[in-house]
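# Per-entry structural report
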Amino acid sequence: MGEGQTIWEKMGAIDRRILYWALFISLALPYIKPLGLPVSIAETSYALYNYINTLGPNDVVVMSIEFGVSAWSECLPGFVAVSKHLVQRGVKIIYWCVGYTDCDLTMEAVMARIPQLKGPGQPAGPGDYKYGVDWVYFGYIAGGETTVAQLADNIRNVLRTDKYGTPIDEIPLMKNVNSARDIKLVVDSTTGDYGDYYVRQWRMRYGTAVAEIGIAMNYSTFIPYYQAGLAVGALKGIRGAAEYEKLIGEFGEATISLDALNISHLLVIIAIIFANISYFMTRRKGGVR
Amino acid sequence: MSSVLRRPEIFMFIAGVVMGLTLFGYFFNVPQVIDLVTWFQTFATHVSFFAVWLGFLTAARIHIYNIQRRTPGVWYFSIVMFLSCLIPFLAALPEIAKPSIETPIYTWPFNWVYTPLGAALYATTGFYIFSAAYRAFRARSLEATILLVAGCLVMLGNAPIGEVIWNQIPTINDWLQMTGQTPGMRALNITAALGIVYFGLRVAIGAEKRVTTFGAGGG
Amino acid sequence: MNTLYLEQILFAGRGSSLVVLILLVVFFFIGLRLAKMGRPPKMRRLPAMDAIDEAIGRAAEMGKPALYTPGITGSLASEQGPQMVASITILSYVAEGCARYDVPLIVDFAQGDAIPLMDETLRLAYLKQGKPEKYDPKMLNYFPGQSPMVTGILGHLQRLRPAAFFMIGGLYYESVVIGEAANFVGAMTIGGTANTHQLPFIIAVCDYVLIGEEIYAASAYLSKDPYQIATIAGEDWIKFVLMALLLLGFILEPLGIKYISSFLRW
């Protein structure tokens, strides 16, 4: 900030480290004093919830982990909330990942948050999800959209064993599951374009229902599919996850994170207002921009 | 012989045949063609895996140079780079024939060094968005003002605090996201798709000279 | 293979796409024919492409390097591959400019299978400017993944302080991080992507932006070659056809006439 600058000019060219500290502190504040504001439910969250309510123990759903550890804060709570809903409904679940090599860590995190999901060899009591019978995990599958298309055509052409080396034909859940025709819903949780892949390769070709639990940024790119009837629902980032937690009645990480969302969004808006005041005051005084 | 193999026409011919068959396989249910296209796709996936080696060699060329010349400020990082490639590689050698390598010295750095570092980097995005918004969102013109107001309303609508400020914010936010932005997003998607198809056609017929003259320089 | 047989083996729901594709090809060749007859269409200005020369000139004046990244697109064979190839066509132009004005060029990328194409493209660009000896393969910096590439670019931006920064291609979250970092070091930034979810961020952090399809038309635009520009004309004609279809559907569907929707579902 040079000599002779007005207060408005200084405000317009504020050192970004001040902005970063302001954001850091405001993100930390809600953890000391939670706000606990109410949240309303968006139409797309309701739509996904209602669709899953039509499913039952004879249906199979694919949960596609298309986010890395880096996006846990935004994608994992929604992914867990939808998984919990599927467990409540008794729906069979297939987990796999086409995009991120660190998906094993994500699967571990999902299992840690849903105690009913029992791993291979773990005893399953009443109400638990027995591995191989009620749910299965195939790990990372390379190949992007090509693989998504091949999985739609014939799962056995791509997958020979599950993540733990069990041949696919020895997994009871997979007995009658061969292609996209045998899947009632694909829920794709993504930070990128994977929702598009499933719409193109599963919904358009086989009519399989598709839903997305994306980062908030992806919501706007996925909405055209929802409006065209090509998707049965979508969750908008951490807010969508909090809405879903409210819908299933199990409040979790998303609800806790909402305070940080509130404060950070408000801070950004206040900063933008300040920046614009500075801009107009500088322009009025004939400052150069 | 090598100059014949490097002729642009050969690359164009291969690209044209693969493109034609792939399109045919997409539209028509002819199992033989679909099998061939699947083989092309598998082949391309394998090529991209081998390309990681090519990437390593390209990176190694720069890092060997740095180490040899003791490039100030970076040469010791180049040594770290080589060690972080070499140690897991040697540790994984005994398990190379297995379908997946689970040696801790191979998986531990990935799970507990590489992955958290990536996550930390991703987490910085919020800070960069904040400073970018502060710098860029200014009401310089009518269009910029409309964008600014719409952006603020969507942000408020995305956070529950918006409803506390004014209970109509979620309605406005829904309208902006479901109705306001959807036509624009559709138009962008459609035109980008058309752009890809036309670009592909230009490559196939050799009109995209900057890439289809690949190899024409000889040598 | 007669028409009836083709109709029998046609996948359901893809007929309309096939018709549009055939129309695209027909328009494409009509555009070519018109160009050969000496009637090439006019092309609107793309300010971001015009700014490339300005950015390179700025780097030359300041005696600083230019940094280019085509982003991350998985592999050339993936659905994002065309973005990488389109980016390499623009890189070729940038490299020619850098060679002409002796501006050091650094290319940071994360896609192994694009290395031969990039290497050859850069070599040819320097050859075209009569300076093949100036091309050094060490200009190409490969990083094995998205986060390593972001870190590498941030490092290059901080250490080398380039005067011009280009990020054109398949961009994801890195666009806002590296774009803002480039702004922080005072580089003139030119961005572009067909990834619609990243466009708002690129528009916020860059001085000039190529939006969506513009990155695919860039090479033809830069060449000023009527033959190449003509190939883009067909793209506009098909847009008119699609707009007409939309309009017809908008009018006919409420009247209960379902020809358009039946065609689109064919």
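Details of the structure are given in the entry above.
These figures come from a predicted structure and were not determined experimentally. (Residues numbered from 1 in each chain as written. Chains lettered and ligands numbered in written order. Predicted model: local features only at pLDDT ≥ 70, side-chain atom pairs only at ≥ 80, totals over all residues. Heavy atoms only, no water.)

This part is about a nonpolar patch on the surface. Residues and elements named next belong to chain B. Taken together, the side chains of Phe50, Trp53, Ile79, Leu83, Leu86, Ile87, Phe89, Leu90, Leu93, Ile96, Ile105 and Tyr106 make up a nonpolar region of the molecular surface, amounting to roughly 1,200 Å² of accessible area. Where the nonpolar patch is concerned, the elements lending two or more residues are helix H3 (31–69), helix H4 (75–92) and helix H5 (104–123). Looking at which element gives the most residues to the nonpolar patch, the answer is H4, with six residues. Its location among the elements puts Leu83 in helix H4. (Patch = residues over 30% accessible without salt bridge, like charges linked within 9 Å, V, L, I, M, F, W, Y side chains within 5 Å. Areas by Shrake-Rupley, 256 points an atom, 1.4 Å probe, with all protein chains shown as cover. Salt bridge = Lys/Arg side-chain N within 4 Å of Asp/Glu carboxyl O. Helix = DSSP H or I, 4+ residues; strand = E, 2+ residues; numbered from the N terminus.)

All names here are of chain A. In terms of nonpolar packing, the biggest core is built from 112 residues, with Ile94 and Trp96 touching the most fellow members. Looking at this core, the element that brings in the most residues is helix H4 (residues 72–89), giving eight residues. Once residues lying within four places of it in the same chain are set aside, the contact partners of Ile94 are Val60, Val61, Val62, Met63, Val136, Phe138, Leu173, Met174, Val177 and Ile183. (Core = buried A, V, L, I, M, F, W, Y, C linked by side-chain atoms within 4.5 Å. Buried < 20%, exposed > 50% of the residue type's maximum accessible area, 1.4 Å probe, protein only. Contact = heavy atoms within 4.5 Å.)

Further remarks concern the sheet that holds strand S4 (residues 164–170) of chain C. Residues and elements named next belong to chain C. Strand order across the open sheet formed by six strands is S3-S2-S1-S4-S5-S6, with parallel pairing between neighbours. Taken across any chain shown, the strands that pair with only one partner, and hence form the sheet edges, are strand S3 (140–142) and strand S6 (208–211). Recorded for the sheet is a direction-independent mean angle of 15° between the axes of neighbouring strands. Across five bridges, strand S1 (residues 66–71) lies against S4 in parallel orientation. (Pairing = 2+ DSSP bridges. Axes fitted to C-alpha atoms, helices over the stretch in contact; angles between N-to-C directions.)

We now examine the packing of aromatic side chains. According to the stated counting rule, one finds 33 aromatic pairs over all chains in the structure shown. Aromatic ring contacts, followed pair by pair, group Phe67(A), Phe79(A), Tyr95(A), Tyr131(A), Trp135(A) and Tyr164(A) into a single cluster. Taking the ring centre of Tyr26(B) as reference, the NZ or CZ of Arg14(C) above it sits at 4.2 Å. (Phe/Tyr/Trp six-rings, centres within 6.5 Å; stacked < 30°, edge-to-face > 60°. Lys NZ or Arg CZ within 6 Å of the ring centre and 35° of its normal.)

Let's shift gears to the sheet that holds strand S2 (residues 92–97) of chain A. Residues and elements named next belong to chain A. Strand order in this open sheet of six strands is S3-S2-S1-S4-S5-S6, and the pairing throughout is parallel. Unpaired on one side and paired on the other, strand S3 (135–140) and strand S6 (233–236) mark the two borders of the sheet. The sheet shows a mean angle of 15° between the axes of neighbouring strands, direction not considered. Both strand S1 (residues 60–66) and strand S4 (residues 185–190) contribute to a ladder of six bridges, which runs parallel. Within the sheet, the bridge partner assigned to Val62 lies in S4 and is Val186.

All names here are of chain A. For S3, the buried fraction is high: five of the six residues fall into the buried class. Pairing geometry for S2 and S3, over four bridges, is parallel. Residue pairing in the sheet places Ile94 in a bridge with Val136 of S3. Considered for its hand, the β-α-β crossover made up of S2, helix H5 (residues 103–113) and S3 is right-handed. (Right-handed = clockwise from strand over helix to strand, strands pointing away.)

In this section: the interface of chain C and chain A. A common way to state how big an interface is: give the accessible area lost once the parts meet. Each partner contributes residues to the interface: chain C has 11 residues there, and chain A has 11 residues. For the pair chain C and chain A, the summed buried surface comes to about 980 Å²; carbon and sulfur atoms form 46% of the total. For chain C, the biggest contributors to the area lost against chain A are Glu79(C), Phe184(C) and His197(C); these three give 51% of the whole. Here chain C and chain A share one salt bridge between them. Inspection of the chain C/chain A interface yields three residue pairs in polar contact (both at pLDDT 80 or more). (Buried area = accessible area lost by both parts, 1.4 Å probe. Polar contact = N/O pair within 3.5 Å; in protein donor to acceptor, adjacent residues only side chain to side chain.)

This next bit is on the pattern of salt bridges. By the definition in use, this model includes 23 salt bridges over all chains. Notably, a salt bridge pairs Glu180(C) with Arg16(A), separated by 2.8 Å at the nearest N-O pair. On the criterion of chain membership, the pair formed by Glu180(C) in helix H7 (residues 174–184) and Arg16(A) in helix H2 (residues 16–32) is interchain, its members lying in two chains. The burial state of Glu180(C) is the same as that of Arg16(A); both residues are buried. Between Arg135(B) and Glu180(C) there is a salt bridge, with the nearest N and O atoms lying 2.6 Å from each other. Note that Arg135(B) is positioned in helix H6 (residues 125–136) and Glu180(C) in helix H7, a pairing that runs across two chains. Take Arg135(B): its relative accessible area is 23%, and that puts it in the partly exposed class. Classification of Glu180(C) by relative accessible area gives buried; the value is 0%. Among the ionic contacts, a cluster of salt bridges with common partners joins Arg16(A), Arg135(B) and Glu180(C).

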